[in-house]
Amino acid sequence: MVILSAFICLICSLASPAFAESYNWGFNKGKNGTPADAGKKFNEMLPEYEAIYKGDTKKKVVYLTFDNGYENGYTAQILDVLKKHGAPGAFFVTGHYLKTAPELVVRMAKEGHIVGNHSWNHPDMTSVTDDVIRTELERVKEATEKLTGQKGMNYLRPPRGVFNERTMRIAKKEGYYHIFWSLAYRDWIVDQQKGAAFAHDEVLKQIHPGAILLLHTVSKDNAEALDSILTDLEKQGYTFGSLDGLMIEKQLPNRMLY
């Protein structure tokens, strides 16, 4: 009986989400206009769950996405710059952000930006149960709708960039597309900001057609550099696309015949 009990405990522990294989999102950065590449494993895994990290690498369109874990005083400035350039953005918000900066979330929606899901408590989703994942997503969705009137929520950025096939499968069943990224830098460390010129150069040296940019709104550097970044991208012939447009573009060839 003791041996049997121990065996059952072992099986239960191995089935626990904490023991499932998990991945940290990563890729080879773009350089000189060459697109970033996540490697064979992720390139084959993501399409099964309709997850994406870049758009059409033959078109000079970029997609601006922002993670909003908490407000640090710079999001309004970022919204001003997006408005100036007529550039759509996608803002991935947490429960904390919804509770502490509701007026900014309302402004995002009013100005035509996408408000996406970054989970309520920002957990490592690979270490929690299926039900917890669903609750994390539903709370953000419901609170956003209550604030903005936005019906539905389609896009998820996994907290900490940690994921596995289980978490992507659950999110897909809940109606979400995982949105990863092909351009980023260490911008979220607020006491290690290096100036607007540094932020500008980090983005420009990695830029490529179809890039999905990840920028954190807590970054002073990002807020101060964004206008010059968008200006210089426009000079290079880039335009700014919406995730909605990107997903339609990706789905139509698979769902329609011309």
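Residues numbered from 1 in each chain as written. Predicted model: local features only at pLDDT ≥ 70, side-chain atom pairs only at ≥ 80, totals over all residues. Heavy atoms only, no water.

### Section: the pairing of strand E4 (residues 114-117)
Operational definition: Accessibility here uses a 1.4 Å probe with only protein chains present; expressed as a share of the type maximum, an area under 20% marks a residue as buried, one over 50% as exposed, and anything in between as partly exposed. Segments assigned H or I by DSSP are reported as helices when at least four residues long, segments assigned E as strands when at least two residues long, and all are numbered from the N terminus. One requirement defines pairing of two strands: DSSP has to find at least two bridges between them.
Neither face of E4 is open: one carries Ile 114 and Gly 116, the other Val 115 and Asn 117, and all of them are buried. Across 4 bridges, the pairing between strand E3 (residues 89-93) and E4 is parallel. Pairing of Val 93 across the sheet is with Asn 117, part of E4.

### Some remarks on unusual backbone geometry
Non-glycine residue Asn 32 carries a positive phi angle of around 55°. Within the fold, Asn 32 resides in the loop between strand E1 (23-24) and helix H2 (40-45). With a relative accessible area of 71%, Asn 32 lands in the exposed category. The phi dihedral of His 122 falls on the positive side, at around 60°, and the residue is not glycine.

### A short note on the environment of Gly 210
Heads up, the rule is: Residue contacts are counted whenever heavy atoms from the two residues lie within 4.5 Å of one another.
Tracing the sequence through the fold places Gly 210 in the loop between helix H8 (196-206) and strand E8 (212-216). The exposure class of Gly 210 is buried, given its relative accessible area of 0%. Considering only alpha carbons, one finds Gly 210 and Lys 60, 150 residues apart in sequence, at a separation of 6.3 Å. Those residues in contact with Gly 210 that lie beyond four places of it in its chain are Lys 54, Gly 55, Asp 56, Lys 59, Val 61 and Tyr 63.

### Details of the side chain of Asn 164
Under the convention used in this document: N or O atoms within 3.5 Å of each other form a polar contact, as long as, within protein, one can give a hydrogen and the other can take it, and as long as residues adjacent in sequence are counted only when both atoms are side-chain atoms.
Following the sequence through the fold, Asn 164 ends up in the loop between strand E6 (162-163) and helix H7 (165-173). One polar contact links the side chain of Asn 164 to the main-chain carbonyl oxygen of Glu 21, over a distance of 3.0 Å.

### Remarks on the nonpolar core
Here is the rule: The nonpolar core is taken to be a set of buried Ala, Val, Leu, Ile, Met, Phe, Trp, Tyr and Cys residues, with the residues joined through side-chain atoms within 4.5 Å.
Within the largest apolar cluster, 46 residues are counted, with the highest numbers of intra-cluster contacts made by Leu 82, Leu 230 and Leu 233. Not counting chain neighbours up to four residues away, the residues in contact with Leu 233 comprise Val 62, Leu 204, Ile 207, Tyr 238 and Phe 240. Counting residues in hydrophobic clusters, the runner-up holds 30 residues, among them Ala 51, Ala 90, Ile 114 and Trp 181.

### Focus: the pairing of E8
Within a regular strand, the side chains alternate between the two sheet faces. Most of E8 is tucked away: 5 of the 5 residues are buried. Of the two faces of E8, the one holding Ile 212, Leu 214 and His 216 and the one holding Leu 213 and Leu 215 are both buried throughout. Here strand E2 (residues 61-68) runs beside E8; their pairing, made up of 5 bridges, is parallel. If you follow Leu 64 over to E8, its bridge partner there is Leu 213.

### A few points about the pattern of salt bridges
Rules: Salt bridge criterion: a side-chain nitrogen from Lys or Arg within 4 Å of a carboxyl oxygen from Asp or Glu.
Applying the stated criterion across every chain, the model contains 15 salt bridges. The residue Asp 232 makes a salt bridge to Lys 235 at a minimum N-O spacing of 4.0 Å. Placement of the pair is Asp 232 and Lys 235 together in helix H9 (residues 220-235), with a separation of 3 residues, close to one helical turn. For Asp 232, a relative accessible area of 25% corresponds to the partly exposed category. A single salt-bridge network, built from bridges that share partners, covers Asp 80, Arg 107 and Glu 111.

### Some details on helix H5 (residues 102-110)
Note the threshold: In this description, one arc is meant: the one made by directions from the helix axis to the C-beta atoms.
Taken residue by residue, H5 has Leu 104, Val 105, Arg 107 and Met 108 as its buried positions. Along the axis of H5, the buried positions cluster into a sector of 160°, meaning they face one direction only. Exposed residues lying more than 90 degrees from the buried face of H5 are Glu 103 and Lys 110. Along its buried surface, H5 packs onto E2, helix H3 (75-85), E3, helix H4 (95-100), E4 and helix H6 (130-148). Two residues or fewer after H5 comes Gly 112, characterised by a positive phi angle close to 90°.

### A closer look at the confidence of the model for the chain
What counts here: Values of pLDDT, ranging from 0 to 100, describe the predictor's confidence in every residue of the model.
A residue-level look at the chain finds 90% of positions with pLDDT of 70 or above and a mean pLDDT of 91. Low pLDDT (under 50) marks residues 1-19, which in the prediction has 9 contacts with non-local residues, meaning those over four places away or in another chain.

### Quick word on H9
This is how the line gets drawn: Residue count minus one, scaled by 1.5 Å, sets the expected span of a helix. What the bend at a residue measures is the angle between two axes, fitted to the seven residues ending there and to the seven starting there.
With 16 residues, H9 ought to run about 22 Å at 1.5 Å a step, and its terminal C-alpha atoms sit 24 Å apart, in line with that. At Leu 226, H9 shows its strongest bend, of approximately 45°. If you check which residues of H9 are buried, you get Asp 221, Asn 222, Ala 223, Ala 225, Leu 226, Ile 229, Leu 230 and Leu 233. On the buried face of H9, the contacting elements are E2, H3, H8, E8 and strand E9 (239-241). With a side-chain oxygen lying 3.3 Å from the backbone nitrogen of Asp 221, the N-terminal cap of H9 falls on Ser 219. Two residues or fewer after H9 comes Gly 237, characterised by a positive phi angle close to 95°.

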